Amino acid sequence: MRLLDDLQQSLARRYRQVVSSRRQNFGSEVKYTAAWIGKQPPLAAIIAEARKVEEPPPQEDWLRQCQDEDGIVWPTQTEEGRAVLAWDLLSSLQPDQAENLAVQICARTTRNIDDMIRQFAHDAFTPLFDWLAEQLQNRSSVVAALRRYVYLTERFNRVALNAQYLERTSTGEELYNDDLQKFLFQDAHYVTYAKPRSTTGEPDLVGELEGEDPIVLDGKLFKGDVAYVARGVRQVYEYALDYGKHVAYLVVFNRTDNRTLVVDGDGPADSWPPYFDMAGVRVYIVVVRACPPATTASKMGRLKTAILRASDVEKAREED
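This one's a predicted model, so the numbers in the text were calculated from it and none came from an experiment.

Definitions and limits used
Residues numbered from 1 in each chain as written. Predicted model: local features only at pLDDT ≥ 70, side-chain atom pairs only at ≥ 80, totals over all residues. Heavy atoms only, no water. Helix = DSSP H or I, 4+ residues; strand = E, 2+ residues; numbered from the N terminus. Buried < 20%, exposed > 50% of the residue type's maximum accessible area, 1.4 Å probe, protein only. Contact = heavy atoms within 4.5 Å. Areas by Shrake-Rupley, 256 points an atom, 1.4 Å probe, with all protein chains shown as cover. Axes fitted to C-alpha atoms, helices over the stretch in contact; angles between N-to-C directions. Parallel < 35°, antiparallel > 145°, perpendicular 65-115°, else oblique. Left-handed = near helix turned anticlockwise from the far one by under 90°. Core = buried A, V, L, I, M, F, W, Y, C linked by side-chain atoms within 4.5 Å. Phe/Tyr/Trp six-rings, centres within 6.5 Å; stacked < 30°, edge-to-face > 60°. Lys NZ or Arg CZ within 6 Å of the ring centre and 35° of its normal. Salt bridge = Lys/Arg side-chain N within 4 Å of Asp/Glu carboxyl O. Nonpolar A, V, L, I, M, F, W, Y, C, P; charged D, E, K, R; others polar. Expected span 1.5 Å × (residues − 1). Polar contact = N/O pair within 3.5 Å; in protein donor to acceptor, adjacent residues only side chain to side chain.

*Asks:* Looking at this structure, how should I read the overall build of the chain?
*Replies:* If you tally the helices and strands in the chain, you get 11 helices and 8 strands. Within the chain, the proportion of its 320 residues that are buried is 47%. Look at the contacts in the chain between residues 6 or more apart in sequence, and 72% of them connect residues 24 or more apart. For the chain, the computed accessible surface area is about 16100 Å², with 46% contributed by carbon and sulfur atoms.

Below you can see the structure in the form of structure tokens.
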């Protein structure tokens, strides 16, 4: 969650630097900001997903239309198309071209070149930054809901869930998924469907894929087999590909009482939840301790550690 929060703050800072820069710095700020966005996998994934919704018109035609209208106009049909059009401009605009373009489009709005540049930057790039911030907020909201679920389950609900599990072990994974599905709806209004069919199988939980905040999310039980969890990562990755999504979530319910599951992911060591970046799809892994402690901490002895590594996930991807 902190990773997404940090990204939101950095995005807001970059936006301020672009729209408030003077003529001497405008081209450089555009260049720095475009390079920074391109290096952030979540932002790059969001933009790539938007391009699948609407491919914008040629940039030269658009800019010519803006000059004719003496200001920024949007010929796109969707917010996604508008965001991609603005991104294409931001990422392709050369520092020595930026000032001239701003003057050509906004010359009739004011006589002050700094004001022309700020007007141009505001009108051309605000929709992009606002849309990116909204998408990050949506994803941050999913992570926040999952964090609450982990806390409530481990602190208050795992004894009751464990008792139910012991009565229906053959369908235990479905039990935990149903509990998660119910929580996501009650807590955060994420509408999910049980086992909708896709081209590769049946994900246990798929968020409303045609809605405003789509999620691909699956749940798996961990009973000591790291390879099984790795196959779960592969499955949600494939589900994301099926639906053209670039973010997916795997919730792992740890059913062992003496083993901690650690995810050695691709992100910073202190990021939560950990994640794997897989060919344009980021898969977040959320681990829930599902077994009540069998004894007190002082009598439990030394816990064993199981580690889910990128090599395990890659091996699972290579399987038929």
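*Asks:* Mind showing me how you'd approach the side chain of Glu 154 here?
*Replies:* In this structure, Glu 154 sits in helix α7 (residues 113-167). Setting aside residues no more than four positions away along its own chain, Glu 154 makes contact with Val 287, Val 288 and Arg 289.

*Asks:* Got a minute to help me understand the packing of helix α2 (residues 23-38) against α7 in this structure?
*Replies:* Helix-helix packing is characterised by the crossing angle of the two axes and by the distance between the axes. The interhelical angle for the contact between α2 and α7, taken along N-to-C directions, is 15°, at an axis separation of 11 Å. One finds that α2 runs roughly parallel with respect to α7. Of the two possible hands of crossing, α2 and α7 adopt the one that is left-handed. Here α2 contributes Arg 23, Phe 26, Val 30, Thr 33 and Ile 37 to the contact with α7, which in turn contributes Ile 113, Asp 114, Ile 117, Phe 120, Ala 121, Phe 125, Phe 129 and Leu 132.

*Asks:* Even after reading the chapter, I still don't get the nonpolar core, so can you show me in this structure?
*Replies:* Of all hydrophobic cores here, the largest spans 69 residues; its most connected members are Ile 37, Phe 120 and Phe 125. When residues of this core are assigned to their parent elements, the largest contribution, 19 residues, is made by α7.

*Asks:* Just to check I follow, could you spell out the environment of Gly 219 for this structure?
*Replies:* Assignment of secondary structure puts Gly 219 in strand β3 (residues 216-222). Note: C-alpha distance between Gly 219 and Ile 285 (66 residues apart in sequence) is 9.9 Å.

*Asks:* What's the story with the packing of aromatic side chains in this structure? I'm lost.
*Replies:* What describes a pair of aromatic rings is the distance from one ring centre to the other and the angle between the planes of the rings. Taken as a whole and assessed by the stated rule, the structure comprises 11 aromatic pairs. Ring plane angle 85° and centroid distance 6.3 Å describe the contact between Phe 26 and Phe 120, whose orientation is recorded as edge-to-face. Of this pair, Phe 26 sits in helix α2 while Phe 120 sits in helix α7, and the two are 94 residues apart along the sequence. Phe 120 carries the same exposure label as Phe 26, and that label is buried. Aromatic pair Tyr 149 and Phe 253: ring centres 6.3 Å apart, planes at 90°, arrangement edge-to-face. Taken as a pair, Tyr 149 in helix α7 and Phe 253 in strand β4 (residues 247-254) lie far apart in primary sequence, 104 residues in all. Both residues of the pair, Tyr 149 and Phe 253, count as buried. Sitting over the ring of Tyr 165, Arg 255 keeps its end group 3.9 Å from the ring centre. The side chain of Arg 282 reaches across the aromatic face of Tyr 275, ending 3.7 Å from its centre.

*Asks:* What's the story with unusual backbone geometry in this structure? I'm lost.
*Replies:* Phi at Asp 70 takes a positive value of approximately 55°, unusual for a residue other than glycine. Here Asp 70 lies in the loop between α4 (59-69) and α5 (79-92).

*Asks:* Help me out: how do you make sense of the pattern of salt bridges in this one?
*Replies:* Pairs can form between side chains of opposite charge whenever their charged atoms are close. The final tally for this structure, using the stated rule, is 15 salt bridges. Ionic pairing is found between Arg 51 and Asp 88, a salt bridge with its closest N-O pair at 2.8 Å. Here Asp 88 lies in helix α5 and Arg 51 lies in helix α3 (residues 41-53), a separation of 37 residues in the sequence. When salt bridges that share partners are traced, they join Arg 51, Glu 55 and Asp 88 into one network.

*Asks:* For this particular structure, what's the right way to read the packing of α2 against α5?
*Replies:* It is at 8 Å that the axes of α2 and α5 come closest, and there the two elements cross at 115°. With respect to the hand of their crossing, α2 and α5 are arranged in left-handed fashion. Judged by residue contacts, Val 30, Thr 33, Ala 34, Ile 37 and Gly 38 of α2 engage Trp 87, Leu 90 and Ser 91 from α5. Taken together, the residues that form the contact of α2 with α5 break down as 5 nonpolar, 3 polar and no charged.

*Asks:* What am I meant to see in the environment of Glu 60 here?
*Replies:* Considering the arrangement of structural elements, one finds Glu 60 in helix α4. The class for Glu 60 is exposed, based on a relative accessible area of 61%. Sequence separation of Glu 60 and Leu 89 is 29 residues, and the distance between their C-alpha atoms is 9.8 Å.

*Asks:* Explanation requested: helix α9 (residues 226-242) in the structure shown.
*Replies:* Three- or four-residue spacings in an α-helix give side chains the same orientation, since the helix completes a turn every 3.6 residues. Here α9 contains 17 residues, and its C-alpha end-to-end distance of 25 Å stays within 8% of the 24 Å for a straight helix at 1.5 Å per residue. Here α9 has its buried residues at Val 226, Val 229, Ala 230, Gly 232, Val 233, Arg 234, Val 236, Tyr 237, Tyr 239 and Ala 240. Among the structural elements, β3, β4, β6 (275-278), β7 (281-289), β8 (304-309) and α11 (310-318) are those in contact with the buried residues of α9. Backbone nitrogen of Ala 227 and a side-chain oxygen of the N-cap are separated by 3.1 Å at the start of α9; the cap is Asp 225. Just downstream of α9, Gly 244 is the residue with a positive phi angle, here 70°.

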